[in-house]
Amino acid sequence: MQGQKIGYVRVSTIEQNTIRQLDGLNLDKVFTDRCSGKDTNRPALTQLIEFVREGDTIYVHSMDRLARNLFDLQKLVHFFNSKKVKVQFVKENMIFSSDTDSPMANFTLAMLGAFAEFERALIRERQKEGIAIARQSNTYKGRKPVFTDEQQAEIKQMVRDRYKVTEIAKKFNVSRATIYNYLD
């Protein structure tokens, strides 16, 4: 059964460019997430899961674009394969399908997924080390403040005037958690 060629693209931030990931592939449909891959709770991934049908092939630039940890990667690939949907990782030049399900294919998926997870852990570790060094030398600036001085004063006044946190958050177009974090 010849199905559709479906692309899945994920970048971590809105500013990042998605063009390079599946460039040159002739796809019937592409699902794009612009959010972290820390878990599988992503809008376009959810749509993809609901959309695919038996015989389809999902094209993903690389394993780390589909999942950041080995457990999620294996779970997603096995889920798609159980629906008789192939998953092709372009960068790794690997295809996983229910037809080719073998101990060697599972081992390869586990090894490459573990390397991707290990690489992500090393990046986080280096980032923490860099921040610690920058803090010691007083060069760490951290994240830019969410609110201007005027907004901070307005928030404090709204709290004194007993506005609900939900109302304050809505006014400044941020989450309640952001307001709570600021107030702490």
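By convention here, each chain's residues receive numbers from 1 onward along its written sequence. The model is predicted, so local features are restricted to residues of pLDDT at least 70 and side-chain atom pairs to those at 80 or more, both for listing and for counting; the totals for chains, interfaces and linings are taken over all residues. Side-chain numbers here rest on the full set of heavy atoms in the structure, without hydrogens or water.

Let us look at the nonpolar core. Side chains of a nonpolar character, in soluble globular proteins, are inclined to be buried together. Only buried residues count toward a nonpolar core, which is a set of Ala, Val, Leu, Ile, Met, Phe, Trp, Tyr and Cys residues joined through side-chain atoms within 4.5 Å. A simple rule labels every residue: compare its accessible area, found with a 1.4 Å probe on the protein chains alone, to the largest value its type can have, and call it buried under 20%, exposed over 50%, or partly exposed in between. Counting 23 residues, the largest nonpolar core has Tyr-8, Leu-48, Leu-66 and Phe-89 as its most contacted members. Helix and strand definitions follow DSSP, with helices as H or I runs of at least four residues and strands as E runs of at least two, each counted in order from the N terminus. If you list the elements that add at least two residues to this core, you get β1 (5-11), α1 (43-51), β3 (57-60), α2 (63-66), α3 (70-82), β4 (86-89), β5 (94-96) and α4 (103-136). The element best represented in this core is α3, accounting for 4 residues. Here a residue-residue contact requires only that any non-hydrogen atoms of the pair lie within 4.5 Å. Once residues lying within four places of it in the same chain are set aside, the contact partners of Leu-48 are Ile-6, Tyr-8, Phe-31, Ile-58 and Phe-80. Judged by nonpolar contacts, the second largest core, of 8 residues, contains Ile-155, Val-165, Phe-172 and Ile-179.

Relative to the assigned elements, Cys-35 resides in the loop between β2 (29-34) and α1. Along the chain, Cys-35 and Leu-73 lie 38 residues apart, while their C-alpha atoms are 17 Å from each other. Beyond its immediate stretch of four places on either side in the chain, Cys-35 contacts Arg-10, Val-11, Ser-12, Arg-42 and Pro-43.

Moving on, we get to the side chain of Asp-56. By the element assignment, Asp-56 lies in the loop between α1 and β3. Buried Asp-56, no salt bridge; nearest opposite-charge side chain is Arg-53, N-O distance 6.6 Å. We define a polar contact as two N or O atoms separated by no more than 3.5 Å, with the added condition that, inside protein, one atom must be a possible hydrogen donor and the other a possible acceptor, whereas residues neighbouring each other in sequence contribute only through side-chain atom pairs. Among the polar contacts listed, one links the side chain of Asp-56 to the backbone nitrogen of Gln-4, at a separation of 2.8 Å. In this tally, Lys and Arg are treated as positive and Asp and Glu as negative; His is ignored, and so are the chain termini. Should a side-chain nitrogen of Lys or Arg be within 4 Å of a carboxyl oxygen of Asp or Glu, the pair is scored as a salt bridge.

Counting through the fold element by element, Thr-57 comes out in strand β3. With a relative accessible area of 13%, Thr-57 lands in the buried category. In contact with Thr-57, other than residues within four places in its own chain, are Gln-4, Lys-5, Ile-6, Lys-86 and Gln-88.

What follows covers the pattern of salt bridges. Summed over the entire model, instances satisfying the criterion amount to 2 salt bridges. Here Asp-64 makes a salt bridge to Arg-65, at a shortest N to O gap of 3.7 Å. By relative accessible area, which is 26% here, Asp-64 ends up partly exposed. The shortest N-O distance in the salt bridge between Glu-154 and Lys-171 comes to 3.1 Å. Here the residue Glu-154 occupies a position in helix α5 (residues 149-160), and Lys-171 occupies one in helix α6 (residues 165-172), the gap between them amounting to 17 residues.

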